[in-house]
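Chain by chain, the residues:
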Amino acid sequence: MKIGKVIVMVVAVVVLTVLGYGLASWFLGKPAQNAEGATQLEQTLAQLSSETATTDGEYAVGDRLAGQPAKKATEFDPAFPELQWDNLMPADWDPMAAFRGMNIAELQDNDPKAQEALEKMRKAWNDAPVNMSYTGKKIRIPGFAIPIEQSEKGVDELLLVPYFGACIHTPPPPANQIIHVKLSEPQPAVGAMQAYWVWGELTASKFSSELGDAAYLLTATGIQPYDE
């Protein structure tokens, strides 16, 4: 599945970022050990794979939501059919194209090629194409919320991402894997990385923020915690 490739590439982005800060010696066979005996790169990758939710510990970085939670069968309005995250990526688009032919293990500390590759990948992902088949359609999709706009009444806008940790514990995924959600009514208690079902009308609309760039806008008519 394409989203699996995206998660693999996020790990590669972390590696390239670490390389850019001069911590690539593990790849070169001469690890710079710290007091605990692990390289800083190893610690970074270990953290990427072991981060857990700070709320209930239910999710780890990279975890995705199943289409229908097993805890309880929820009845949804059939006018808003479920959309899979993979379908937001055009079938002929390759999220790994920016890394084709690159051997990350050959890059050295502070290698300009690492920063160049990171910038190339980031641009490609920020400009990731949308699947026009779903624009203007009513959809329902589960994901993890990242609040971005809040009023006195609660959260008005958020980013929705397909796996736990995206944009916070790990670099952002491609823009076509981030949905900018505008809520019809403010929600009083939306925490970062909480899991939700969100439904409404999906359109193609670019949105940039410090947390990541979204290629889609979901004008939401409803939002519900994932496990209710």
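Everything here concerns the structure above.
Throughout, a residue's number is its position along its own chain's written sequence, starting from 1. Totals for whole chains, interfaces and linings use every residue, but because this is a predicted model, local features are given only for residues with pLDDT of at least 70 and side-chain atom pairs only at 80 or more, for both listing and counting. As a convention, hydrogens and water are excluded, and side-chain values are obtained from all of the structure's heavy atoms.

**Comments concerning unusual backbone geometry**
To keep things clear, this is the line we draw: Helix and strand labels come from DSSP, where a helix needs a run of H or I of at least four residues and a strand needs a run of E of at least two; each type is numbered from the N terminus.
Not every positive phi belongs to a glycine, and Cys167 is a case in point at roughly 75°. With respect to the secondary-structure elements, Cys167 resides in the loop between strand 2 (154-161) and strand 3 (179-187). Its identity is not glycine, yet Met193 carries a phi of approximately 70°, on the positive side.

**Describing the nonpolar core**
The cut-off we apply is this: Only buried residues count toward a nonpolar core. Its members are Ala, Val, Leu, Ile, Met, Phe, Trp, Tyr and Cys residues joined through side-chain atoms within 4.5 Å. The classification of residues rests on relative accessible area computed with a 1.4 Å probe and restricted to protein chains. Under 20% of the type maximum is buried, over 50% is exposed, and intermediate values are partly exposed.
Counting 30 residues, the largest nonpolar core has Tyr59, Phe144 and Val161 as its most contacted members. Elements that contribute at least two residues to this core include exactly helix 1 (2-20), helix 3 (112-126), strand 1 (137-151), strand 2 and strand 4 (195-208).

**A few points about the pairing of strand 1**
Defined as follows: Two strands pair if DSSP finds at least two bridges between them.
The pairing of strand 1 with strand 4 spans eight bridges and is antiparallel. Within strand 4, the position partnered with Pro142 by the bridge is Trp197. Sheet topology note: the strand 1/strand 2 ladder contains seven bridges and is antiparallel. Bridged to Ile146 within strand 2 is Leu159. A loop of two residues connects strand 1 with strand 2, the two strands running antiparallel in sequence.

**Thoughts on the packing of aromatic side chains**
This is how it is decided: Stacked, tilted and edge-to-face pairs are distinguished by plane angle, under 30 degrees for stacked and over 60 for edge-to-face with tilted covering the rest, among Phe, Tyr and Trp rings (Trp via its six-membered ring) whose centres lie within 6.5 Å.
Tallied over the entire structure, the rule returns six aromatic pairs. A centroid spacing of 5.9 Å and a plane angle of 25° characterise the contact between Trp197 and Tyr226, whose relative ring orientation is stacked. Taken as a pair, Trp197 in strand 4 and Tyr226 in the segment after strand 5 (213-225) lie far apart in primary sequence, 29 residues in all. Residue classification places Trp197 among the buried positions, given a relative accessible area of 0%. Taking relative accessible area as the criterion, Tyr226 reaches 7% and is therefore assigned buried.

**Considerations on the environment of Ala214**
Our working rule: Between two residues, a contact is recorded if the distance between any of their heavy atoms is within 4.5 Å.
Looking at where Ala214 falls in the secondary structure, it is placed in strand 5. Of the residues examined, Ala214 reaches a relative accessible area of 0% and is grouped as buried. Residues Ala214 and Val161 lie 53 residues apart in sequence; the distance between their C-alpha atoms is 9.5 Å. For Ala214, the contacting residues outside a window of four places in its chain are Leu159, Ala175, Ile178, Ile179, His180, Ser205, Lys206 and Phe207.

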